[in-house]
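So the chains spell out like this:
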Amino acid sequence: MRWVVAFAAVSLSVLSGPVPASAAPAAPETLCTVKDSRIGELSGLVSDGSKLYAINDGGSKVQVFVLGRDCKVQKVLTDKTDPFDVEDLARTSDGRLWLSDTGDNKKGRLTVALLEMSPEGKLTLHRLTYPDGQHDTEALIMDKAGTLYLITKDILGEARVYRPSGPLASPGPTNLEKVGTVRLSETDTQGGPVGSFGSVLVTGGATSADGSVVALRTYTDAYVYPAPDGDVLAALQRTPVRIPLPGEKQGEAIAFDPDGTLLSGSEGVGEPIRAVRGAAALAASAPSTDGKPTSSASGGSASDSGGVPVLPAAGIAVAAVGLGWFGFNRLRRRRG
């Protein structure tokens, strides 16, 4: 794997308002429904066009479920390694899978990890350390060069972007470096387990098959960015196409089909995997705003055109307590 480490750190801003009507994305359509009880906490998803690869968060061993387009499990790739909290999934063109064992609801982990699984199911552990303390991270993006980016889950909508500072060691740890931030504004899309605050929490990431489009998602919306040169950091500075994903109970999974269809999924047995046709093409054709901030760097009120809404102190406290209790219950369930 070739690692590109010469970028300077940048500040990234994101506008999460509606896109022009002429560029409005299609509504999500149900592809299939996940009925297998073994995938009750769907957190990460990738697609090779004919098969889907899915992971749960948590668990006592590594498992990647290989699904048909009907959401039925065809086989399970497994390893006895006991992860702490796997949250997202990426796949290279040669069939290697990358599991992001980076969940940390209580922010108590000394290291996080990337788990590299060969097409034959052999697992390699790569431990990682943040330069600035602990973070809860649920999104993983891979660029054309094979560099992996971690995007944190932050209650105020300012997600931090990290990548390894050099080649991955096994078992490591390898130091991570902070290379930017992505700011999201609250939306009115319905769904998720924590109300409107869920619309600024980054819960998953994806890259198109050719690396020309990247996506982040929250509990309620997807943000799709053009990356024509495969540069993830440059892509995240552009104005994204926002794709509402309403009605997902706990939407954490996002992926691209090779044809550019965006796939999304939620935790819960009986929940659908949904498809948004033409999502990658829509992002690729969106007007470019390279190098120009698309929202206020210092935030703004809820009525401002961009940036993070200023939350009253009481609102922040209530949200923090609610999310803390939600996270604790999830952690207790998966680690108990």
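Residues numbered from 1 in each chain as written. Predicted model: local features only at pLDDT ≥ 70, side-chain atom pairs only at ≥ 80, totals over all residues. Heavy atoms only, no water.

Per an unreviewed UniProt entry, the protein carries the name Esterase-like activity of phytase family protein and comes from Amycolatopsis camponoti.

### Thoughts on unusual backbone geometry
Here the residue pair Ser170 and Pro171 is connected by a cis peptide bond, since its omega of 5° sits within 30 degrees of zero. Note on placement: Pro171 falls in the loop between β12 (158-164) and β13 (174-183). In this model, Gly172 is joined to Pro173 through a cis peptide bond whose omega is 15°. Non-glycine residue Cys71 carries a positive phi angle of around 70°. Tracing the backbone through its elements, the reader meets Cys71 in the loop between β4 (62-67) and β5 (73-79). Accessibility expressed as a relative area gives 3% for Cys71, which makes it buried. We note that Lys107 has phi near 50°; this positive angle belongs to a residue other than glycine. If you trace the backbone, Lys107 turns up in the loop between β7 (97-101) and β8 (112-117). (Helix = DSSP H or I, 4+ residues; strand = E, 2+ residues; numbered from the N terminus. Buried < 20%, exposed > 50% of the residue type's maximum accessible area, 1.4 Å probe, protein only.)

### As for the state of the cysteines
Each disulfide consists of a covalent bond between the sulfur atoms of two cysteine residues. All chains considered together, the criterion is met by 1 disulfide. Note that Cys32 is cross-linked by a disulfide to Cys71, the S-S spacing being 1.9 Å. Its S-S torsion of approximately 60° makes the covalent link between Cys32 and Cys71 right-handed. Note that Cys32 is positioned in strand β1 (residues 29-34) and Cys71 in the loop between β4 and β5, a separation of 39 residues in sequence. (Disulfide = S-S within 2.5 Å.)

### Describing the layout of surface pockets
Estimates place the volume of the largest pocket at around 560 Å³. Lining the largest pocket are 30 residues, and of these Arg91, Thr92, Ser93, Ser208 and Ala209 sit closest to its centre. Sorting the residues of the lining of the largest pocket by element identifies β2 (42-47), β6 (86-91), β10 (137-142), β14 (204-207) and β18 (251-256) as the ones contributing at least two each. Looking at the lining of the largest pocket, its residues break down into 15 nonpolar, 8 polar and 7 charged. (1 Å grid on protein atoms, 1.4 Å probe; cavity = no way out; pocket = protein on both sides within 12 Å on 5 of 7 lines; lining within 4 Å. Points joined across faces, edges and corners; volume = space filled by probe spheres on them. Nonpolar A, V, L, I, M, F, W, Y, C, P; charged D, E, K, R; others polar.)

### Some thoughts on the sheet that holds β18
One open sheet accounts for 4 strands, arranged β1-β20-β19-β18; its pairing is antiparallel. Both outer strands of the open sheet, β1 and β18, are each paired with one neighbouring strand and no more. Neighbour-to-neighbour, the strand axes of the sheet open up by a mean angle of 25°, direction not taken into account. Examined bridge by bridge, β18 and strand β19 (residues 262-266) share 5 bridges and lie antiparallel to one another. Counted as the bridge partner of Ala255 is Leu263 from β19. (Pairing = 2+ DSSP bridges. Axes fitted to C-alpha atoms, helices over the stretch in contact; angles between N-to-C directions.)

### Considerations on the pairing of β19
Most of β19 is tucked away: 5 of the 5 residues are buried. Here β19 shows two buried faces, one formed by Leu262, Ser264 and Ser266 and the other by Leu263 and Gly265. Counted between consecutive antiparallel strands, the loop separating β18 from β19 contains 5 residues, among which Gly260 sits at a positive phi close to 95°. Across 4 bridges, β19 lies against strand β20 (residues 271-276) in antiparallel orientation. What sits directly across from Leu262, in β20, is Val276. Hairpin connection from β19 to β20: 4 residues lie between these consecutive antiparallel strands, with Gly268 at a positive phi of about 115°.

### A look at the pattern of salt bridges
Applying the stated criterion to the full structure yields 14 salt bridges. Overlapping salt bridges, with partners in common, bring together Asp94, Arg96 and Glu116 in one network. (Salt bridge = Lys/Arg side-chain N within 4 Å of Asp/Glu carboxyl O.)

### A short note on the packing of aromatic side chains
By the definition in use, this model includes 1 aromatic pair. For the pair Tyr130 and Tyr162, a centre-to-centre distance of 5.0 Å together with 75° between the ring planes defines the contact as edge-to-face. Here Tyr162 lies in strand β12 and Tyr130 lies in the loop between β9 (123-129) and β10, a separation of 32 residues in the sequence. Summarising the burial analysis for this pair, Tyr130 and Tyr162 share the class buried. (Phe/Tyr/Trp six-rings, centres within 6.5 Å; stacked < 30°, edge-to-face > 60°.)

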